[in-house]
Amino acid sequence: MFMDDIQLGFDNPEHSDCTLILKSDTTVHKRVHVSKNILSSHSKYFDALFTNDMKETQEKEVEIQLTAYESLLFYCVIKSLYTGQLTMPSLEELSELELDQTEGDTLQEEKRGQKRKCPSDRKEANKEGQIEKVEEKGMEEESSVKNEVETEKKEESEKGKEKGVEKQGENKESNQRGKEENKFPVTEEYQTARVVVDILRLLDRFSIEKMFETCVDLLKKEHDSVLSACYHLSLLDDSLEHAPEIKEYKRSLVDFITKEYKEFDKMWCSTLELKKTFLQLPFIALQGILKSDDLLVSCEATVLQALRKWINYTPEKRERYLSELLPLVRFPHIPLAYLTDYVLGANHFFK
């Protein structure tokens, strides 16, 4: 009964002592009737606003600068403070608003200077009956690598016959990669995840910490694949890293992706779809995979080749990670012929 009474007070002028005006510049998006006590009990931001002898303490109307999209989400947040449940905006409401679109990686550059450790030897497939099979596969891999080297040399030679052709081709390919990067499926689940993360940013901005766990639980329900895990990591940039719930969830996503890529040969390029997913891995996910001691590969050259493909997908954004990712490759386990002919012999291995 008590909770029902509180719910009845939401956006009810008869049970409110303040009106929040959600606006951007001179455009008012929403007006919400609220109780200062309820907002202050859930938000450090509003507690400071209404209790520290600020002008808003006495005023009946308080302006909050938000976009139309943010106003819709913040209205849902305020309502949840009264009802105890977070109600997401409907697809119809969202479709009426123009959501800000972002291109490329949203992950900010990780902090530098942390001591890195080269990975210990990866676990070998040394169970009975597997050793010979792995060695045979490794020989096939090395042979395949040599054939690939010869093929690429011929292709480079043919391209070099016409001046400027190779450079134009690289520019065209680079532009195409930029258009394709992080093009995640446009589905209801992915849209929901994005809205939840935008709500998290509002909770962080207005210091409504008690609702963080609720939002993380919603994200967990929308995560069911490597691609969705990549999408969630791309949304959760470092601006939310200070929240323990977000930090733990990001760690669980990296662990999930790392386990999925344990059989590296099969996962990184066995199909076109898997290859596209690999190329969209965020930096922290790829770092987690390469650090893993459980990673199973038939030939370490495969790891270097995969890293090269990942870097070259968007080199202007990913080359900065080379200093942290290259030490995770076990170069002593790569055939010398491969390093000499394919790496050292290439004009631009990472380009």
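J.: I keep staring at the nonpolar core and nothing clicks. Help me out?
T.: Soluble globular proteins: nonpolar side chains tend toward being buried together. Counting 88 residues, the largest nonpolar core has Leu20, Phe74, Phe264, Phe278 and Leu281 as its most contacted members. Considering each element in turn, this core owes the most residues, nine residues, to helix H8 (residues 188-205).

J.: Please explain the side chain of Ser43 as it appears in this structure.
T.: Mapping Ser43 onto the fold places it in the loop between helix H2 (36-42) and helix H3 (44-51). Of note is the side chain of Ser43, whose polar atom sits 3.1 Å from the backbone nitrogen of Phe46. Other than its neighbours up to four places away in sequence, Ser43 contacts Phe206, Ser207 and Ile208.

J.: In this structure, what is going on with the pattern of salt bridges? I would like to understand it.
T.: Close approach of charged atoms lets side chains of opposite charge pair. Scanning the model with the defined rule gives eleven salt bridges in all. Note that Glu248 and Arg251 form a salt bridge whose closest N and O atoms lie 2.5 Å from each other. Within this pair, Glu248 and its partner Arg251 are both found in helix H11 (residues 244-260), separated by three residues, close to a single helical turn. By relative accessible area, which is 45% here, Glu248 ends up partly exposed. Ionic pairing is found between Arg330 and Glu300, a salt bridge with its closest N-O pair at 3.3 Å. Of the two residues, Arg330 is situated in the loop between helix H17 (322-325) and helix H18 (336-344) and Glu300 in helix H15 (residues 300-313); the sequence distance between them amounts to 30 residues.

J.: Hey, could you run me through the confidence of the model for the chain in this one?
T.: Caution applies to low-pLDDT parts of the model: their predicted coordinates are not meant to be read in detail. Here the chain averages 77 in pLDDT, while 69% of its residues score no lower than 70. With pLDDT under 50 throughout, residues 124-138 is counted as low confidence; its partners more than four residues away or in other chains account for ten contacts.

J.: Would you explain the packing of aromatic side chains in this entry?
T.: By convention here, two paired aromatic rings are described through the distance between centres and the angle between planes. All chains considered together, the criterion is met by 14 aromatic pairs. Where Tyr45 meets Phe206, the ring centres are 4.9 Å apart and the plane angle is 90°; that geometry is what we call edge-to-face. Within this pair, whereas Tyr45 is found in helix H3, its partner Phe206 is found in the loop between H8 and helix H9 (212-222), the two being separated by 161 residues in sequence. The class for Phe206 is buried, based on a relative accessible area of 1%. Measuring from ring centre to ring centre gives 6.4 Å for Phe46 and Phe74, while their planes differ by 25°; the resulting arrangement is stacked. Here Phe46 is found in helix H3, whereas its partner Phe74 is found in helix H4 (residues 68-83), with 28 residues between them in sequence. Residue classification places Phe74 among the buried residues on the basis of a relative accessible area of 1%. Its end group placed over the ring of Tyr75, Lys30 keeps NZ or CZ at 4.8 Å from the ring centre.

J.: Sorry if this is basic, but what is going on with the packing of H11 against helix H14 (residues 283-291) here?
T.: To describe two helices that pack against each other, one gives the angle between their axes and the distance between the axes. It is at 9 Å that the axes of H11 and H14 come closest, and there the two elements cross at 50°. Relative to H14, H11 is oriented oblique. Judged by the twist between their axes, the crossing of H11 over H14 is right-handed. Facing H11, whose interface residues are Lys250, Val254, Ile257 and Thr258, H14 presents Ile284, Ala285, Gly288 and Ile289.

J.: Quick question: what am I supposed to make of H9 here?
T.: It helps to recall that an α-helix has 3.6 residues per turn; residues three or four apart then point in one direction. Looking at H9, one finds that the buried residues are Phe212, Cys215, Val216, Leu219 and Glu222. Along the long axis of H9, the arc covered by the buried residues comes to 115°, so they all point the same way. Of the surrounding secondary structure, the elements contacted by the buried residues of H9 are H8, helix H10 (226-235) and H11.

J.: I keep staring at the sheet that holds strand E2 (residues 27-34) and nothing clicks. Help me out?
T.: Backbone-to-backbone hydrogen bonds pair the strands of a sheet. The strands run either parallel or antiparallel. With respect to topology, three strands assemble into an open sheet ordered E2-E1-E3, the strand pairing being mixed. Because the sheet does not close on itself, it has two edges, and the strands there are E2 and strand E3 (61-65). Neighbour-to-neighbour, the strand axes of this sheet turn through a mean angle of 25°, independent of strand direction. Two elements, strand E1 (residues 18-24) and E2, share seven bridges in a ladder whose sense is antiparallel. Bridging across to E2, Ser24 finds its partner in Thr27. Its contacts with the sheet put H4 on E1 and E2, and the angle it makes with E2 is roughly 5°.

What counts and what doesn't
- Residues numbered from 1 in each chain as written.
- Predicted model: local features only at pLDDT ≥ 70, side-chain atom pairs only at ≥ 80, totals over all residues.
- Heavy atoms only, no water.
- Core = buried A, V, L, I, M, F, W, Y, C linked by side-chain atoms within 4.5 Å.
- Buried < 20%, exposed > 50% of the residue type's maximum accessible area, 1.4 Å probe, protein only.
- Helix = DSSP H or I, 4+ residues; strand = E, 2+ residues; numbered from the N terminus.
- Polar contact = N/O pair within 3.5 Å; in protein donor to acceptor, adjacent residues only side chain to side chain.
- Contact = heavy atoms within 4.5 Å.
- Salt bridge = Lys/Arg side-chain N within 4 Å of Asp/Glu carboxyl O.
- pLDDT = per-residue confidence, 0-100.
- Phe/Tyr/Trp six-rings, centres within 6.5 Å; stacked < 30°, edge-to-face > 60°.
- Lys NZ or Arg CZ within 6 Å of the ring centre and 35° of its normal.
- Axes fitted to C-alpha atoms, helices over the stretch in contact; angles between N-to-C directions.
- Parallel < 35°, antiparallel > 145°, perpendicular 65-115°, else oblique.
- Left-handed = near helix turned anticlockwise from the far one by under 90°.
- Arc of directions from axis to C-beta.
- Pairing = 2+ DSSP bridges.

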